[in-house]
Amino acid sequence: ELAPPPECVEPLLTSEEFLTSLLQGYNHQTESMMRNWAARILDDDLRLPPESSLDGKLYTIAPIDLFKMIDQQFEVVDALEMERSMHTLAMSVTEVLQDYCDSVHV
């Protein structure tokens, strides 16, 4: 008989250990991507001159772009029903936003 033992045939995708590892990798990749995007948004914001509103107030679109990027990540987690990742994503977003604010105020 060449058949593997039944305990080795358990579907890999239902293994709790595998799912945990997969989610950790996804969460790490998402945080890294958000940090890179936030840094590029900030670089562009500091490099380009601000725009002026009709009443003469200066503004940039960087915060809008940043929050769009963050919203997209929450939409992905919500669409995939990845409840286990929602809290981790919220914590990552909090850290990314804090780093962005710290960089803006330097």
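Residues numbered from 1 in each chain as written. Predicted model: local features only at pLDDT ≥ 70, side-chain atom pairs only at ≥ 80, totals over all residues. Heavy atoms only, no water.

Caption draft 1: Local environment of helix α3 (residues 83–104). Between its first and last C-alpha, α3 extends 32 Å over 22 residues, near the 32 Å set by a 1.5 Å rise per residue. When we look at burial in α3, the residues that qualify are S85, L89, S92, V93, V96 and Y100. On an axial view of α3, the arc spanned by its buried residues comes to 110°, and they lie on one face. Of the surrounding elements, those touching the buried residues of α3 are α1 (16–47) and α2 (62–79). (Helix = DSSP H or I, 4+ residues; strand = E, 2+ residues; numbered from the N terminus. Expected span 1.5 Å × (residues − 1). Buried < 20%, exposed > 50% of the residue type's maximum accessible area, 1.4 Å probe, protein only. Arc of directions from axis to C-beta. Contact = heavy atoms within 4.5 Å.)

Caption draft 2: Spatial organisation of the nonpolar core. Counting 15 residues, the largest nonpolar core has M34, L66 and Y100 as the members making the most contacts within it. Of all the secondary structure elements, the ones that give two or more residues to this core are α1, α2 and α3. Beyond its immediate chain neighbours, meaning those up to four positions away, L66 contacts A38, I41, L97 and Y100. (Core = buried A, V, L, I, M, F, W, Y, C linked by side-chain atoms within 4.5 Å.)

Caption draft 3: Just a nonpolar patch on the surface, in detail. Where nonpolar side chains cluster on the molecular surface, the patch consists of Y59, I61 and I64 and spans about 280 Å² of accessible area. Examined against the element boundaries, I61 turns out to sit in the loop between β2 (58–59) and α2. Overall, the relative accessible area of 45% leaves I61 in the partly exposed class. (Patch = residues over 30% accessible without salt bridge, like charges linked within 9 Å, V, L, I, M, F, W, Y side chains within 5 Å. Areas by Shrake-Rupley, 256 points an atom, 1.4 Å probe, with all protein chains shown as cover. Salt bridge = Lys/Arg side-chain N within 4 Å of Asp/Glu carboxyl O.)

Caption draft 4: How the structure looks around the pattern of salt bridges. Inspection of every chain in the model, using the stated rule, returns 5 salt bridges. Here E31 makes a salt bridge to R35, at a shortest N to O gap of 3.1 Å. Linking E31 with R35, this pair stays in helix α1, spanning 4 residues, or about one helical turn. Here D55 makes a salt bridge to K57, at a shortest N to O gap of 3.9 Å. The class of D55 is exposed, set by a relative accessible area of 54%.

Caption draft 5: Quick look at a negative patch on the surface. A cluster of acidic side chains, namely D71, E75, D78, E81 and E83, defines a negative patch on the protein surface. Position of D71 relative to the elements: it lies in helix α2. (Lys, Arg positive; Asp, Glu negative; His and termini not counted. Charge placed at Lys NZ, Arg CZ, Asp CG, Glu CD.)

Caption draft 6: Expanded view of the packing of α1 against α2. Relative to each other, α1 and α2 sit at 165°, their axes nearing to 9 Å. By the criterion of interaxial angle, the relationship of α1 to α2 is roughly antiparallel. As α1 runs across α2, the sense of the crossing is right-handed. Each of Y26, T30, M33, M34, W37, A38, I41 and D45 in α1 lies in contact with α2, whose residues at this interface are A62, D65, L66, M69, Q73, V76 and V77. Class assignment for the residues of the contact of α1 with α2 results in 11 nonpolar, 2 polar and 2 charged. (Axes fitted to C-alpha atoms, helices over the stretch in contact; angles between N-to-C directions. Parallel < 35°, antiparallel > 145°, perpendicular 65-115°, else oblique. Left-handed = near helix turned anticlockwise from the far one by under 90°. Nonpolar A, V, L, I, M, F, W, Y, C, P; charged D, E, K, R; others polar.)

Caption draft 7: Local environment of the environment of D102. Inspection of the secondary structure assignment puts D102 in helix α3. Overall, D102 belongs to the partly exposed group, its relative accessible area being 41%. A distance of 2.8 Å separates the side chain of D102 from the side chain of Q98, its partner in a polar contact. (Polar contact = N/O pair within 3.5 Å; in protein donor to acceptor, adjacent residues only side chain to side chain.)

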